[in-house]
Amino acid sequence: DMSSAGQKPITVSYTEGGVPKSATYTITVSAVEASSISLSQNSATLKIGGKVTLTATFNPTNTTVKTLTWTSSDDSVATVSNGVVTAVAPGTATITATTSNGKTDTCSITVSAPEVSDITIETSPARVRYNSSSPSSNTFSITATLTAEVGATVTWTSSNISVIRVVTGGGASSAAATSTEVT
């Protein structure tokens, strides 16, 4: 088997003067390490949870040592295992493949933020009247229904917290008898 490096016995059989003879020689088979590698992609854009599989082409083509180590510059954005890249969170990361003799190639991964295609907001009650004698009763709830990709979130803010203050869970309480915008 000449596909791996090391000492290999070779036996040569021949006939000399009608007499069968043989001789055994030992040869050394050397490993052929990569002079460079090329990844199947230099860049990719993924959505959260998306995957792409990167493959490496070794140069020269008769490379016998094809061990790769895969790393991500930012595992919080994209992870990699045996060339399979998984998008984790919005951002950018560089995936690097490294041969056992230190040759590298990279792929830039961009993970895009999830998109919201539709949002419906409902309040309960539909209209809130300010009650100055009982400020704690000036509460209402806001419900948002999203049509979105995996990972989309809603963040509630008030354009004027002295009028409406957003509280944990998306509820709101009115603080004065005026109007403002909750986004």
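A separate point is the sheet that holds strand β8 (residues 78–81). Spatially, the three strands line up as an open sheet ordered β5-β9-β8, and their pairing is antiparallel. A strand with exactly one partner marks an edge of an open sheet, and here the two such strands are β5 (51–53) and β8. Taking the axes of each pair of neighbouring strands and ignoring which way they run, one obtains an average angle of 20 degrees across the sheet. Here three bridges tie β5 to strand β9 (residues 84–87), and the two strands are oriented antiparallel to one another. What sits directly across from T53, in β9, is V84.

All right, on to the pairing of strand β3 (residues 36–39) then. The side-chain alternation of β3 yields one buried face, formed by I37 and L39, and one unburied face, formed by S36 and S38. In terms of strand pairing, β3 meets strand β6 (residues 56–59) through four bridges, oriented antiparallel. Within β6, the position partnered with L39 by the bridge is A56.

Let us look at the sheet that holds strand β4 (residues 43–47). Pairing in this open sheet of four strands is mixed, and the strands run β4-β11-β10-β7 from one edge to the other. Every interior strand has two partners, whereas the edge strands, β4 and β7 (68–72), have only one. Averaged over all pairs of adjacent strands, the angle between strand axes in this sheet comes to 25 degrees, irrespective of strand direction. As defined by bridge partners, β4 adjoins strand β11 (residues 104–112) across five bridges and the pair is classed as parallel. Directly across from L46, in β11, lies its bridge partner V111.

How each quantity is defined
- Starting from 1, residues in each chain are numbered consecutively following that chain's sequence as written.
- For this predicted model, a pLDDT threshold of at least 70 governs which residues receive local features, and a threshold of 80 or more governs which side-chain atom pairs are given and counted, while totals over whole chains, interfaces and linings are taken from all residues.
- Neither water nor hydrogens contribute to the side-chain values; these are computed over all heavy atoms in the structure.
- Any two strands between which DSSP finds at least two bridges are classified as paired.
- Only DSSP runs of H or I reaching four residues or more are called helices, and only runs of E reaching two or more are called strands; each is numbered from the N terminus.
- Each axis is a line fitted through C-alpha atoms, taken for helices only over the stretch in contact, and angles between the N-to-C directions span 0 to 180 degrees.
- Exposed residues in this analysis have more than 50% of their type's maximum accessible area, buried residues have under 20%, and partly exposed residues fall in between, with area computed by a 1.4 Å probe over protein chains only.

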